[in-house]
Amino acid sequence: MRIIAGEFRSRKLQSMPGDDVRPTPDKMRQTLFNILQLQIEGAVFVDAYAGTGAVGIEALSRGARRCVFIEKNRRAVEVIHENLATLGLASRAEVFSSKAATVLDRTRADIAFLDPPYEMSKEYATSLNALDQSETPLVIVQHSSRFTPQEEYGRLRRYRTIKQGDNCLSFYRR
């Protein structure tokens, strides 16, 4: 796995063996950040269900001021710390080893990215409702093309969906 663009372009990231973490495909990350290119500079970005941290590190590489990583899997949290240390990004990051919703409702951010395990469909509603309480203005959710999250979660309303293969990105704003 590698960083696609920005300050750390082409740098390799540590990953985890096995099926505990499902990385966001490079093409999907590239699409996401092409859409966010005018909003990412100076933003506070949340990477929830972060896995190895590739999406949040990509945000930092492209100019995000700070990133909050949330991941429950302890081995994945270690990999996030390793990746941040290797790139010298630890001072621009905060890493939580926790359930996402317990951190999301008290986190101030400009952009939040959620990528729960596809089989945990209830996590979408739990996390999006927590983000509605946090006042985060832009939320992007990666999900299976076989699952469609609700149109609205509180004041967050879906305004765009992009499908690539078996993956989709749904965009929500207030």
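Residues numbered from 1 in each chain as written. Predicted model: local features only at pLDDT ≥ 70, side-chain atom pairs only at ≥ 80, totals over all residues. Heavy atoms only, no water.

Enquirer: How do you make sense of the overall build of the chain when you look at a structure like this?
Expert: When its secondary structure is counted, the chain shows five helices and eight strands. Along the chain direction, N to C, the helices and strands of the chain fall in the order α-β-α-β-α-β-α-β-α-β-β-β-β. Computed over the C-alpha atoms, the radius of gyration of the chain is 14 Å, within 12% of the 16 Å expected from 2.2 N^0.38 for a compact globule of 174 residues. Based on the C-alpha atoms only, the size of the chain along its principal axes is roughly 40 × 35 × 30 Å. The buried share of the chain, taken over its 174 residues, is 52%. A separation of at least 24 residues holds for 62% of the contacts in the chain among residues at least 6 apart in sequence. Surface accessibility of the chain: about 8400 Å² in total, with carbon and sulfur atoms responsible for 45%. Measuring between centres, the 26 positive side-chain charges of the chain sit 3 Å from its 21 negative side-chain charges. (Helix = DSSP H or I, 4+ residues; strand = E, 2+ residues; numbered from the N terminus. Rg over C-alpha atoms; globule rule 2.2 N^0.38 Å. Buried < 20%, exposed > 50% of the residue type's maximum accessible area, 1.4 Å probe, protein only. Contact = heavy atoms within 4.5 Å. Areas by Shrake-Rupley, 256 points an atom, 1.4 Å probe, with all protein chains shown as cover. Lys, Arg positive; Asp, Glu negative; His and termini not counted. Charge placed at Lys NZ, Arg CZ, Asp CG, Glu CD.)

Enquirer: Just checking my understanding: could you explain helix 1 (residues 26-36) for this structure?
Expert: Residue pairs spaced three or four apart in an α-helix point in one direction, given the helix's 3.6 residues per turn. Of the residues making up helix 1, those classed as buried are Met28, Arg29, Thr31, Leu32, Phe33 and Leu36. Buried residues in helix 1 make contact with strand 1 (44-48), helix 2 (54-61), strand 4 (111-114), strand 5 (138-144), strand 7 (156-164) and strand 8 (167-173).

Enquirer: Whenever I open this one, the pattern of salt bridges confuses me. Can you help?
Expert: Oppositely charged side chains can form a pair if their charged atoms are brought close together. Under the definition given, this model contains 12 salt bridges. When the shortest N-O distance is used, the salt bridge between Glu78 and Arg75 registers 3.3 Å. Here Glu78 and its partner Arg75 are both found in helix 3 (residues 74-87), three residues apart, which amounts to about one turn of the helix. Arg155 is the partner of Asp132 in a salt bridge, and the nearest nitrogen-oxygen pair spans 3.4 Å. Of the two residues, Asp132 sits in helix 5 (residues 122-134) while Arg155 sits in the loop between strand 6 (152-153) and strand 7, which places them 23 residues apart along the sequence. A relative accessible area of 7% places Asp132 in the buried class. Several salt bridges converge on common partners, so that one network encompasses Asp132, Glu135, Arg155 and Arg174. (Salt bridge = Lys/Arg side-chain N within 4 Å of Asp/Glu carboxyl O.)

Enquirer: Help me understand helix 3, please; the structure alone is not making it clear to me.
Expert: Its 14 residues place the ends of helix 3 20 Å apart at the C-alpha level, agreeing with the 20 Å of an ideal helix rising 1.5 Å per residue. Among the residues of helix 3, Ala76, Val77, Val79, Ile80, Asn83, Leu84 and Leu87 are the ones counted as buried. Down the axis, helix 3 shows its buried residues gathered within 160° of arc, on one side only. Among the exposed residues of helix 3, those pointing more than 90 degrees away from its buried face are Arg74, Ala85 and Thr86. Positioned one or two residues after helix 3, Gly88 has a phi angle of 70°, which is positive. (Expected span 1.5 Å × (residues − 1). Arc of directions from axis to C-beta.)

Functional significance is not addressed by these values, which are geometric in nature.
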